[in-house]
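# Notes for the structure review
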Amino acid sequence: MAFYVGFDSSTQSLTATVIEAGDGERRVILDATIVFDDALPGYRTRHGVVTSDGRTVTAPPGMWAEALDLMMGQLRDAGLDLRRIRAISGAAQQHGSVYLTAAAAPILSDLNPQLALARQLDGAFSRAMSPVWLDCSTGVECRALTDAVGGDAALARLSGSRAYERFTAAQIRKFAVGDAPAYAQTARIHLVSSFMASLLCGADAPVEPGDASGMNLMNLETHEWAPAALAATAPDLLRRLPPIRPSWTIAGVLSPYWQHRYGFPPARIVSWSGDNPSSLVGLGLIAEGQLGISLGTSDTVFAPRTAPSTDPHGAGHVFGSPAGGYMALTCFANGSLARERIRARYGLDWPAFSSHLSATPPGNGGGLLVPWFVPEITPGISRPGPHRYALGPEDAAANVRAVVEGQALSMRLFSTWFAPEVGAIRATGGAAANREILQVLADVFDAPVVRIAPRNAAALGAALRAFHADRLAAGESVPWPEVVAGFTDPAPDGEIRPRPAAVAVYAGVLPRYAQAIAALLNG
Ligand code: ADP
Ligand code: XUL
C-alpha cells in the first residue's frame, strides 16, 4: 500500500508524520520531530524565533529549509521503503512570510544534491529574516489598511478578519515602506507553507485558501486576491504573490535534489496549508458540531463552518477550510509560552506542574490570573503584564492553576461567537499531552475533551490531505469522512469528562473573569 508524508513546520519544530493509506490497513508508521533551538543552534533562535524589541518577532527562513533537509535525511535513515511514498504535503505556522529574489527560482530548480540545501540559498532571500505570527509591530500598517478598505467590518467581510498585526498584509507593507530597495528586489512573497512546498518541488508552489485567508489579502468568498487590499498594502504586489489554487492542487513532483540526495521517488507534492486548517482535518473536524483546541506555542480554538460569518466583536477569524467550506478560529499568543513562564518561575517540570493542578481546587479559592506575559492577540493587548486577582505571586500551586484556568476561561469567552454550545472538544498540540490541563478545559467548557492517537494533528492532517489529493489526481474522489476514518478516532484512554461540581464553579467564575478583562481593556 501507498505511503503519504505530512509535515508540520511550526514555530518551534518540524514534524513529519508518515501514514499508510489505501483500501486495506490504515495506520501511522512514523512520527519524527526536529526542535529548531536544539538541532540548529547556529541560528540562535529561542522557541524558534528571534525577538528584537518585544514586538518584532522573526525567524530565519534558511533554518526552516535546513530542518527540512535534516528531516528528509531522517526519513531515509528510518528504514522506510521510500519507493512507496506517493504524495507529500505539509502544514506551516500561519501568517509568516518569505521574501525571494529573482535568483530564487533558478536556484531552487537546479539544486546540487551533493551540497546541503541551506548552503545553496545564498542570494535567494531579499529579506533575511521572516516576520512570524508572534510579531505585533505593525499597528501603523494595520490602521492604513483598515482605513483604505473602509473600516474593520468591511475588511472582515472581505477577507475573513479585520486587520491583524501578524497577518501578512501588514507585514508586507512594513517591509515595502521601511525597506523599499529590498522590496524592489523581491520577485516572490511566499507564506511559510508555500515556501516549504516550493523547496520540495524545486519550483514556485501556489498558496491555498486555508492559509491565504490569514493574509488580509484574499477575498474569502471568491478565493481571489482582493484588489482593494493589494492596493492598500504595497505597490505592484499582485505579480509578487503566488496564485491561489484549491487546497488539493498538485504543486509539482519532488525535485531531483531530493530524489538524488536521499533516494526519494518523484512523489506528488500537494499544496501545503496552515497549521490550524491542517489540524482541522487531522482532528477529523470535517462537519459542523465539534470544537478543536490546539495547545501549541499558540493556543487556538476552532471549528468547521459552512458559512463565512465573522465575529461581530472582531476578535476572531474566518479561514477557508482545506476540506472545503470555512473554519472559525480564535488565537491566543499566551499559550505554551505563558505556561512555560509559570513553570520556569517556580522551577517545575511538567509532572510537578500537573501535580500542582491536581492538588488545587477548581476556582482556585477565588485566585485569578489574566495571563498576558507577552503581547496578546485575543483580545489585542500590546502592553504585556500578567494581572493577578486574590492571588499571591509566591504560591506556586495556585499560580499553576491560575494560568491554566485563565487560559481556559479566555478560550471559552472568546469562542462563544462561533461555539455558544459545545458538544465535544478534540485537542492537539504539545500541551494536550497533559491530562490535568485538559481536565480544566473539560470543566470550563462543560464538554468532554478527547485526544486522537497521533500526537500532531497538523502533520497528520497534511498526510491525509496528501492522500486525498493523490487519489483525486488519479481520478478517485474519496469523501472526507472516508479520508480521515481510522486515523482520527479518539485514543482509547483519550476521553476526559467534565466534573459537574467543577462545571458549576466555573459558571460562576466566568463572569468575574470577563469583568476583569473588560476593566483591563477600558483602563
Ligand atoms: P508548536 O507546534 O507551536 O511549535 P507544539 O504543539 O509542538 O508547538 O507544542 C510545544 C509545547 O508543548 C512546548 O513549548 C511545551 O510548552 C508544551 N508541552 C510539552 N509537553 C507538555 C506537558 N506535558 N504539559 C504541558 N505542556 C507541554
Ligand atoms: C493562528 C496563529 C497561530 C500560528 C501558530 O492565527 O497565528 O496559531 O498559526 O503556528
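## Regarding the layout of surface pockets
Counted as a void, the largest pocket has a volume near 1,100 Å³. Around the largest pocket sit 49 residues that line it, and Leu295, Gly296, Gly429, Gly430 and Ala431 are the ones nearest its centre. Classifying every residue of the lining of the largest pocket by side-chain character gives 17 nonpolar, 23 polar and 9 charged. A domain split of the lining of the largest pocket shows at least three residues from each of domain 1 (2-277) and domain 2 (336-450 + 494-522). The set of elements that each furnish at least two residues to the lining of the second largest pocket consists of strand S4 (50-51), helix H4 (139-149) and helix H13 (336-345). Among the residues making up the lining of the second largest pocket, the classes are represented as 16 nonpolar, 7 polar and 11 charged. If you count residues domain by domain, the lining of the second largest pocket takes at least three from each of domain 1 (2-277) and domain 2 (336-450 + 494-522).

## Quick notes on the site of ligand 2
Around ligand 2, a shell composed of Thr11, Gln93, Gln94, His95, Trp133, Arg166, Asp275, Asn276, Ser298, Thr300, Leu329 and Cys331 is seen. In the model, an oxygen atom of ligand 2 is placed 3.1 Å from a nitrogen or oxygen of the Gln94 main chain. Considering ligand 2 on its own, with 290 Å² of exposed area, one finds that the protein chains cover 98% of that surface. Of the pockets mapped on this structure, ligand 2 occupies the largest pocket. Taken together, the elements giving at least two residues each to the shell around ligand 2 come down to helix H12 (275-282) and strand S18 (326-332). A breakdown of the residues in the shell around ligand 2 according to their chemical character gives 3 nonpolar, 7 polar and 2 charged.

## Digging into the domain arrangement of the chain
Partitioning the chain into structural domains gives domain 1 (2-277) and domain 2 (336-450 + 494-522). A separation of 31 Å is found between the C-alpha centroids of domain 1 and domain 2. At the interface, 8 residues of domain 1 touch 5 residues of domain 2. Roughly 590 Å² of surface becomes buried between domain 1 and domain 2 when both sides are summed, with 67% attributable to carbon and sulfur atoms. Taken as a group, His47, Arg55 and Leu134 account for 44% of the area that domain 1 buries against domain 2, more than any other trio of residues on that side. At the junction of domain 1 and domain 2, the tally comes to 0 residue pairs in polar contact (both at pLDDT 80 or more). Grouping the constituent residues of the side of domain 1 that touches domain 2 by class yields 4 nonpolar, 2 polar and 2 charged.

## Side note on the pairing of strand S16 (residues 299-305)
Within S16, 7 of the 7 residues are buried, leaving the element largely enclosed by the surrounding structure. Here S16 shows a buried face lined by Asp299, Val301, Ala303 and Arg305 and a second buried face lined by Thr300, Phe302 and Pro304. In terms of strand pairing, strand S15 (residues 291-295) meets S16 through 4 bridges, oriented antiparallel. Bridge assignment links Ile293 to a residue of S16, and that residue is Val301. Hairpin connection, S15 to S16: the antiparallel pair is bridged by 3 residues. With 7 bridges connecting them, S16 and S18 associate as antiparallel partners. Counterpart to Arg305 in the pairing with S18 is Tyr326.

## Quick notes on the side chain of Thr428
With respect to the element layout, Thr428 can be found in strand S21 (residues 425-428). Thr428 sits in the buried class, given a relative accessible area of 5%. Engagement of the side chain of Thr428 in a polar contact is seen with the backbone nitrogen of Ala457, the distance being 3.2 Å. Discounting chain neighbours no more than four positions away, the residues touching Thr428 are Ser279, Leu283, Ile293, Ser294, Leu295, Arg455, Asn456 and Ala457.

## Concerning the sheet that holds strand S8 (residues 130-131)
Spatial strand order, S4-S5-S8: 3 strands in an open sheet with antiparallel pairing. Pairing within the sheet leaves two strands with one partner each, and these edge strands are S4 and S8. Pairing geometry for S4 and strand S5 (residues 57-59), over 2 bridges, is antiparallel. Looking at S5, one finds that Thr51 is bridged to Val57.

About the criteria used
- Residues numbered from 1 in each chain as written.
- Chains lettered and ligands numbered in written order.
- Predicted model: local features only at pLDDT ≥ 70, side-chain atom pairs only at ≥ 80, totals over all residues.
- Heavy atoms only, no water.
- 1 Å grid on protein atoms, 1.4 Å probe; cavity = no way out; pocket = protein on both sides within 12 Å on 5 of 7 lines; lining within 4 Å.
- Points joined across faces, edges and corners; volume = space filled by probe spheres on them.
- Nonpolar A, V, L, I, M, F, W, Y, C, P; charged D, E, K, R; others polar.
- Domains from an automatic or database assignment.
- Helix = DSSP H or I, 4+ residues; strand = E, 2+ residues; numbered from the N terminus.
- Near = heavy atom within 4 Å.
- Polar contact = N/O pair within 3.5 Å; in protein donor to acceptor, adjacent residues only side chain to side chain.
- Areas by Shrake-Rupley, 256 points an atom, 1.4 Å probe, with all protein chains shown as cover.
- Sits in = over half its atoms within 2 Å of the grid points.
- Contact = heavy atoms within 4.5 Å.
- Buried area = accessible area lost by both parts, 1.4 Å probe.
- Buried < 20%, exposed > 50% of the residue type's maximum accessible area, 1.4 Å probe, protein only.
- Pairing = 2+ DSSP bridges.

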